[in-house]
Each structure stands twice: as structure tokens, then as C-alpha cells.
Amino acid sequence: MSTQLTAPGQLGGTLGAIMVPARMRATMLRRSLREHPGPTVAGLVGLLAAAWLIRYALRGDQHTLGLLAGAWVLGWIVLPLLLGGGRGRVRPAHLRLEPIGGVPAAIGLLAASAIGIGPAVSLVALAALPVHAARYGTVAVLVTAFGAVLLWLLGLIGSAIALEVVGHAGGPAGALLTGVFTGTAMGVAGSLWAVFPWVSVLLVAAPGEVVRAMAYVPSAWPIAAVTGPSGQGVRLMATLVGIVALCAAAYIMLVRRVIAAGAPFRPRRTTAASPAAAEREWLGWVPAATRAVVGRELRAWVRHPLRLQYLAFAVVYGALLAGLPLLSDVDLLLPWAGPLAVLGAAAMSAGLVGLDGTALWLPLTTPDGERAEVRGRALAWLVLVTPIGVLLTVAGILLAPDIDPLAALSTLPALLGAGASVPVWVSLLRVRPVADPRHPTAADNPTDIVSVLVATAAGLLAAAPVLALVIWGPPEAAPLLPVVGLLSGVATWWGGVWLADERFARRGTAVLAAAGQRSRPPETVLPLTWDMQWYRENKSTAWALGLLTVGWIPVIPQGLMPLVFGIDSGWIVAGHLSGSAHTAVGLAMVGLGVAMLLTGLVLWDRRPQPGGP
Amino acid sequence: MIPPALEIRGLVKTFAAHRAVDGIDLTVHPGTFHGIVGPNGAGKSTTIGMAVGLVTPDSGQIRILGHDALRERGLTRALTGVLPDGLDFPERLTGAELLRYSAGLRGLPRATATDRAAELIDVLGLAKGAGTPLADCSTGTRKKLGLAQALLHAPRLLVLDEPFEAVDPVSAATIRQVLRRFVVGGGTCVLSTHSMLLVEQMCDEVTVIHQGRVVAAGSVAEVAAGGSLEDRFVELVGAEASGSAGLDWLTGAR
């Protein structure tokens with residue numbers, strides 16, 4: 001009996017092998033949809049967005065449409081990295097033991113990737129391109145439809161490559177990307193008042209600079225191919241086909257490598273011993289034990305994916321919060337990019353001890369190890385964040401030469417002092433260990449909202465003397481601002497160090513025990529849909545969520561924006577008043593918001609735990 | 001008179017309603033190898049943790065080389081080298097960086113630290129682990145690196161929790177040789193283990209802990225009472241070596 005397959009048999013076998021991943025994926029998807037409502041809800045939201053895009057395509061601007069289509073494809077590639085889209089996905093490594101070649105495996109895996117809510121909704125959304133081209137005739141519709149399919153393939157293959165190379169590597173690239181994306185999302189969300197007018201302009205007609213830039217963006221090419229000269233159309237579509245073919249070839253090589261090597265692609269893990277430069281000669285004035293902790297911390301900052309993610313988030317968040325108002329021609333915040341990034345970095349450092357698991361046993365078994373640990377952590381943070389804060393502040397000052405930078409410059413040392421030491425204390429006080437300190441993922445984020453708020457509040461407290469002098473002080477006091485900021489920073493540094501010392505020296509073994517407590521009680525499950533029964537049974541949790549969500553409105557837009565930045569647009573209550581009434585209402589708003597947030601925190605901490613009594 | 005290397009009196013530790021350590025007394029003579037054995041959950045690691053300051057006792061006294069371990073923490077920490085079981089390391093550091101960090105924490109001069117680290121890496125066969133982040137090292141390599149950092153500052157008392165777990169036989173033989181030289185040189189080594197063979201081969205004295213109490217202590221020969229230490233251990237902890245009853249379905253005709 002021959003085991004050789006005939007040619008049709010071979011073809012059938014290859015086709016069968018191609019179909020296996022697709023069938024696996026279909027089964028996984030069915031099971032996932034039965035068990036979790038999340039993907040269905042996300043799919044419905046996506047469909048609404050796709051419907052809006054198609055509606056916009058009917059009458060909207062072609063360049064803006066190209067930009068939105070590009071953003072959609074980019075989101076398809078990036079979002080699964082951030083939202084755990086790798087779960088439930090058939091990966092090349094799953095086919096390692098199967099008798100299948102690289103090309104059929106890659107085709108099968110891409111076919112499997114195409115099965116899902118995301119790809120289906122994306123295909124609907126990209127139909128906006130032929131819808132827009134309908135005004136140019138049937139040929140234009142066919143060309144743009146082909147272009148839409150090419151863009152869809154680009155998203156499909158790009159997402160598969162990104163998940164395989166970045167998502168599963170858990171390396172610095174994925175961490176940085178996650179930090180940049182979340183920082184951007186939060187930065188845009190925090191600057192909606194400035195972004196909305198710009199978006200409104202963009203939706204009516206793309207400004208000249210956007211039109212010029214879109215000539216180089218592939219998502220604009222399908223429509224440009226039917227609106228420009230015929231020769232240009234052929235060239236644009238051929239280039240788009242070439243890009244898709246290059247991506248496909250890259251994916252085939254990646255799959256072949258994983259299958260042939262018998263191991264998924266991973267960045268090199270072995271790290272050469274650092275040269276003597278890493279011994280921090282310039283920290284010679286610091287005690288040796290503290291210097292050792294500084295060295296350890298700085299290495300952890302550049303190697304730990306979650307730390308990198310936090311840092312990238314803080315930098316992008318601060319820069320965007322200060323820079324995005326430029327879209328509405330407001331450059332008042334630009335010098336504050338540095339202070340905002342520093343405040344963000346402090347907030348994101350409020351759970352770092354939990355990232356290290358039980359590694360604190362080392363300082364607990366060395367003479368005076370606790371002091372070295374506290375000071376080393378604080379000093380390393382300062383060494384890392386100070387240049388970032390200074391650079392962003394200087395960049396902001398250079399970009400907005402008409403804005404007086406004294407307040408921002410004076411606030412910076414205050415925030416640096418508080419940001420370096422208070423988060424060390426907070427993270428020793430509220431240890432939230434990650435499940436696996438050796439290989440943490442973005443989902444293991446140990447930072448909790450209380451720690452973040454305490455670290456942020458400490459920064460604001462340190463900045464308060466400077467801000468108070470800016471708002472209420474006489475103009476003659478302006479030269480004193482830098483000194484006040486510096487003193488405030490030094491005071492909060494020592495305050496934070498003293499608190500952290502106290503905590504670690506007196507309760508070091510309790511901190512270590514908390515760091516080893518990895519089996520946490522189950523998290524409160526929040527319903528994704530409107531569930532009256534749940535709200536009736538979890539009133540305090542529902543109130544806490546409401547207060548923690550809404551409490552920011554009185555604090556920031558109704559309080560700090562009119563008080564500190566003099567922004568008094570229509571819906572800001574204090575903006576309708578002047579003089580002391582303006583200040584009083586602004587302060588009352590801050591007080592109201594703080595009270596709401598504190599009440600929310602207390603209620604959140606008292607929420608009934610699942611499985612509890 | 002030379003004080004005991006480790007002296008524990010009336011040590012108690014309770015976790016919630018569970019009394020993990022229930023009035024343990026333990027004396028480790030200087031210049032000896034002392035084994036602590038006991039079944040899983042007997043309280044060995046908790047006792048060792050309290051001895052080196054990683055767990056706070058509810059009551060009791062601990063003296064290291066004559067110094068009160070609870071009051072003179074700095075001094076006793078300087079005299080002690082510790083290898084705990086199941087705790088994390090600074091996972092982003094490579095093995096070599098861990099040794100440099102540990103040396104820095106203990107204030108060793110850089111040249112001394114570099115020479116000692118290089119020797120330890122060489123002797124313990126850690127060339128690969130020295131350049132690999134700890135998060136990516138095998139359990140055996142982590143144990144060896146942990147042992148290297150415990151030895152780095154030349155302590156007088158070495159407290160090792162399961163030092164041979166997941167270590168390959170060749171490395172284990174090397175470690176045994178290193179530890180013997182340490183004890184011959186006047187150091188004292190306390191180790192907890194499940195291997196009775198290891199205790200018989202290496203230890204001068206042994207303490208058997210069961211349910212948070214010491215059930216036997218003395219020289220290995222005294223505790224073994226003429227038999228094998230393993231049989232005596234099973235007898236002391238009040239359990240029969242089960243496994244002969246039940247599971248008929250496993251051995252029956254198929």
C-alpha cells in the first residue's frame with residue numbers, strides 16, 4: 001500500500017490543512033460568544049461606528065474619509081495588542097506538530113483570523129470607500145471596493161503580525177506601544193474640549209496640511225485613484241497591492257520560522273553584563289547600598305514591560321494634555337507638559353512594589369536594607385523622570401514663547417520631590433502583587449485607584465503653595481515662586497521618605513507577606529449591560545462608580561480650569577461670575593468634587609466582595 | 001565560651017487560626033552542619049523565616065552568634081547569609097547583576113565584589129545564568145544564584161531553605177563541596193530539606209519538626225537511633241509509609 005498521495009489527493013490534503021485553523025477558530029468563537037457578552041457588545045458598538053462612517057462617506061470630505069479609514073485599519077492592528085485580542089486566536093505555534101508547510105499554514109491562519117466580529121465589522125466599515133466613490137460611476141465603485149478589500153487584508157495581516165511579534169513577545173515594544181496608545185486615549189479624552197472643534201473642522205473639509213499628508217497614506221489611495229489622473233490611479237493601486245503582498249510575504253516567513261524552529265519567535269533574552277558605566281560612578285556621594293538599589297531600579301525601569309508602559313503613558317499623556325489644546329489655538333498649557341508628565345509618572349508609580357513580588361526579602365536580610373530600598377527607589381525615579389520633565393517643560397516653553405513659564409517651572413521641582421518618594425510609601429502601604437512577577441502582562445497591572453489618587457494628591461499638595469502664590473499672591477511675590485517650589489519639593493521628598501522608612505522598617509515582614517499574597521479575592525464583576533437586579537444588590541458599588549466617574553467634573557473643568565488657567569467657556573459655572581464670586585464658586589466646585597471622590601473611594605473600599613459574607 | 005551560631009527559644013507563630021510554629025527550641029552549634037527536616041507544612045520554612053527576619057514571631061527569642069536577632073538586626077544580618085525558598089528575585093537583573101546588587105547592598109568594595117562574584121560564577125557553573133535575566137533562569141540556576149548571593153559576603157552563619165531543590169546532580173555535588181569547605185573554615189550551615197540521605201551525608205546534627213513542634217533533635221546518629229534516618233523520620237512524624245493499600249484498579253488485570 002502506497003502512502004504517497006496523488007496530485008488531487010495532495011491538493012485536497014493541503015486544502016484540508018488550510019481549513020483546519022479556520023474550523024478551530026470558528027469553534028473558539030462560538031464558545032466565546034456563548035460564554036461572554038463582551039465581544040457581542042463590542043461588535044454592536046463597532047457596527048454603529050461603521051454605520052456612521054458609511055453615512056459620512058455619502059457626503060463627507062474624501063481626505064477626511066481616507067484618514068478615518070486609515071485610523072480604523074490602524075486601530076484594528078493595534079487594539080488587539082492592548083485588549084488581549086491574542087486570546088482565542090489560532091497561532092502558528094499551534095500548528096507546530098502538524099504536517100503542514102509555511103504557505104498553507106499562513107493562508108490557513110489568515111483565514112482563521114478573518115473569522116470573527118472584528119474583521120466582519122471592519123469589512124462593513126471599509127465599504128464606506130465604494131459608497132463615497134458611487135458619485136464617480138460604476139468603475140470607481142469597483143476600484144475603490146478592490147482598494148477597500150486590500151486595506152482590509154492589510155489590517156488582517158498587520159494584526160496577525162503584530163500579535164505574533166509584539167503581543168506574544170511581552171517585550172519592550174509591546175509595552176511601549178500599549179503605553180503610548182493608552183496615554184493617547186487618555187490625553188485625547190482629557191482634551192475633548194480642545195479636540196472637538198478641530199474634529200468639527202476636519203469633518204467639514206480637511207485642512208490643507210492634512211490633504212498634503214494624505215497623499216502618502218495608503219488608506220486615501222483607493223479614492224485618490226478614482227479622483228486623480230488615470231495613470232496615477234494605476235500607480236496608487238499597484239503600490240497598495242505591493243504593500244499587501246510584502247506584508248503577506250513577511251507573515252509567511254514568520255509562520256515558517258515558528259513552525260520550522262519549533263519555538264515561537266522571541267527577542268533575545270540573554271543580556272550581557274553591564275559595563276562599569278552602569279555602576280553609577282556619578283552617584284558616588286550616595287551610600288553604596290542605596291547606589292545598588294538605584295542601579296537595580298534603573299535596570300528594571302528599562303527592562304520591565306509594565307514599567308516601560310507606565311512611563312510611556314505618563315510622557316504621552318502629559319505631552320498631549322498640554323499640546324492638544326493647540327488644536328483650538330490655546331497654547332497656555334504648553335509649558336505644563338513637563339509637570340503634567342511628572343504627575344502622571346508619579347501616579348503610575350504608586351504600585352511598583354507589587355510588580356516585584358517578594359523580591360523585598362533581599363533588603364530585609366541586609367544591614368540597613370530598608371533605608372537603602374526606600375531611598376534607592378526614590379532616587380532612581382528622580383534620575384529617570386527629572387530629564388523627561390525638564391525636556392518637556394523646556395520644549396513647551398520654546399513652543400509657546402508668549403506664555404509666562406514661571407509657574408510651570410516652579411511647580412516642577414515640587415512635583416518631582418513628591419513624585420519620587422510618596423509613591424514608594426504608597427506602594428509599600430498598599431501592596432498589590434502581580435500574579436507572576438517573572439512574566440507579567442499588561443493584564444497584571446497591580447496599580448489600584450486609591451494608590452493612584454493618593455500619589456496624585458501628594459503631587460498636587462506639593463504644588464499647592466506655588467499655585468496658591470500664582471493665584472492669590474501679589475505680583476511682587478513672583479520671583480519667590482521657584483524657591484517655594486524647590487522647598488516644597490524637598491519637604492515632600494523628606495516627608496515621603498520618612499513615611500516609607502517608617503512603614504518598611506517597622507512593618508517590613510508584613511509588606512513582604514502582602515507581596516506574597518497572590519491569591520486575591522475575586523474582583524467585583526461589573527455588568528456590561530443594564531442589570532437592575534445587580535444595581536439593587538450592589539448599591540454601594542454603583543454609587544462608588546458613579547461618584548468616581550462624575551466627581552472629576554467639579555474638580556477639573558468646573559474648578560481648576562477657571563481658577564488656575566482662567567478658562568471660562570459657556571458651561572463652566574464660575575465663568576459667569578467675576579472677582580471673589582468667581583474664585584469662591586471655583587473653590588466650592590473643587591471642594592464638592594473632592595468630597596464626591598472621597599465618598600466614592602470609601603464606598604468602593606466597602607463594597608461587598610464576591611463570595612464574602 | 002563560644003555562643004551557639006543560632007539559638008531559638010519558645011518561638012511561636014500563628015497565621016489566623018493555624019499555629020504554624022508552636023514553641024520551638026533549637027540550638028545550632030558553631031562550625032557544624034545542622035539539618036532541619038519535617039513533612040510539608042511542619043513549620044520549617046516559617047522557623048527559618050523568623051530566624052533570618054523575614055517573618056515576625058508572635059513570641060520567643062532568637063540569638064545569632066550571641067546577638068539578639070530581633071534587637072540587633074543590623075549586626076545579625078551582617079553575620080548571616082540567606083537562601084529562602086519560593087521567594088522572588090529582582091527578576092529583571094541578570095545573575096551577574098544580582099551578585100553586584102547584593103554586594104552593593106552589603107557595602108562590599110567593588111574590586112572584592114567583582115572577584116568574588118567571578119569566582120562564585122565559575123565554581124557554581126553559572127556562566128550562562130550570569131548573563132540571563134533571572135526571570136528566564138531555570139529553578140536550578142535560580143537556586144545556585146541565590147546560594148552565590150548568600151555566600152558573597154562571607155557570612156558566619158548560612159541559612160538555606162531547600163538549597164538542592166531542582167539542582168542537577170553535578171551541581172549538587174559542587175555545592176556540597178563548597179558548603180563543606182565553608183563549615184570546615186569555621187562557618188555554620190543550617191539547611192532545611194526533605195532529603196534524609198542528604199542529612200545523613202552532610203549534617204552533624206538534625207532537628208525534626210512536626211506540626212510546629214520539635215519532635216527530635218541531636219546528632220544524626222542519635223536521632224536515627226540505630227536505623228535509617230528515613231525510617232526514624234516516618235516513625236517520628238506518626239505516619240505510616242502508605243501506598244500499599246487501595247488503588248486495586250491500577251494493578252488489576254486489564
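Residues numbered from 1 in each chain as written. Chains lettered and ligands numbered in written order. Predicted model: local features only at pLDDT ≥ 70, side-chain atom pairs only at ≥ 80, totals over all residues. Heavy atoms only, no water.

1. Topic: the overall build of chain B
- Helix and strand content of chain B: 11 helices and 10 strands.
- Across the 254 residues in chain B, those meeting the buried criterion constitute 53%.
- Restricting to contacts in chain B with at least 6 residues of sequence separation, those with at least 24 account for 66%.
- Carbon together with sulfur atoms contributes 53% to the accessible area of chain B, which is approximately 11300 Å² in total. (Helix = DSSP H or I, 4+ residues; strand = E, 2+ residues; numbered from the N terminus. Buried < 20%, exposed > 50% of the residue type's maximum accessible area, 1.4 Å probe, protein only. Contact = heavy atoms within 4.5 Å. Areas by Shrake-Rupley, 256 points an atom, 1.4 Å probe, with all protein chains shown as cover.)

2. Re the sheet that holds strand β10 (residues 213–219) of chain B
Residue and element names in this part refer to chain B.
- Across the sheet, six strands lie side by side as β6-β7-β8-β3-β9-β10; this open sheet has mixed pairing. The strands lining the two open edges of the sheet, one partner per strand, are β6 (80–83) and β10. Between one strand axis and the next, the sheet turns by 15 degrees as a mean value, whatever way the strands run.
- Here four bridges tie β6 to strand β7 (residues 157–161), and the two strands are oriented parallel to one another. Within β7, the position partnered with Val82 by the bridge is Val159.
- This element, helix α1 (residues 44–51), spans β3 (33–37), β7, β8 (188–192) and β9 (205–210) of the sheet and lies at about 150 degrees to β7. (Pairing = 2+ DSSP bridges. Axes fitted to C-alpha atoms, helices over the stretch in contact; angles between N-to-C directions.)

3. Comments concerning the nonpolar core
- Counting 132 residues, the largest nonpolar core has Trp381 and Leu428 of chain A together with Leu6 and Leu179 of chain B as the members making the most contacts within it.
- If one sorts the elements of this core by residue count, helix α19 (residues 406–429) of chain A sits on top with nine residues.
- With near-sequence residues (within four places) excluded, Leu428 of chain A lies in contact with Val353, Leu360, Val374, Ala500, Arg503, Phe504 and Val511 of chain A. (Core = buried A, V, L, I, M, F, W, Y, C linked by side-chain atoms within 4.5 Å.)

4. Quick notes on the packing of helix α13 (residues 288–303) of chain A against helix α14 (residues 305–323) of chain A
Residues and elements named next belong to chain A.
- Two numbers describe how α13 lies on α14: the axes approach to 5 Å, and their chain directions differ by 80 degrees. When the axis of α13 is compared with that of α14, the two are roughly perpendicular. Contacts between α13 and α14 pair Glu297, Ala300, Trp301, Val302 and Arg303 from the former with Pro305, Arg307, Leu308 and Leu311 from the latter.
- The residue inventory of the contact of α13 with α14, partitioned by class, reads six nonpolar, no polar and three charged. (Parallel < 35°, antiparallel > 145°, perpendicular 65-115°, else oblique. Nonpolar A, V, L, I, M, F, W, Y, C, P; charged D, E, K, R; others polar.)

5. So, the environment of Pro90 of chain B
- Looking at where Pro90 of chain B falls in the secondary structure, it is placed in the loop between β6 and α3 (95–105).
- Judged by its relative accessible area of 10%, Pro90 of chain B falls in the buried class.
- In the structure, Pro90 of chain B is positioned 43 residues away from Pro133 of chain B in sequence and 9.1 Å away in space, judged by C-alpha atoms.
- Ignoring any residue separated from it by four or fewer positions in sequence, one finds Pro90 of chain B in contact with Arg296, Ala359 and Leu362 of chain A together with Leu98, Tyr101 and Leu134 of chain B.

6. A few points about the packing of aromatic side chains
- Counted under the stated rule, the structure contains five aromatic pairs over all chains.
- Judged by centre distance (5.9 Å) and plane angle (65 degrees), the rings of Trp361 of chain A and Phe89 of chain B are edge-to-face. Of the two residues, Trp361 of chain A is situated in helix α17 (residues 361–364) and Phe89 of chain B in the loop between β6 and α3; the pairing between them involves two chains.
- A cation sits over an aromatic face here: Arg307 of chain A above Trp301 of chain A, 5.2 Å from the ring centre. (Phe/Tyr/Trp six-rings, centres within 6.5 Å; stacked < 30°, edge-to-face > 60°. Lys NZ or Arg CZ within 6 Å of the ring centre and 35° of its normal.)

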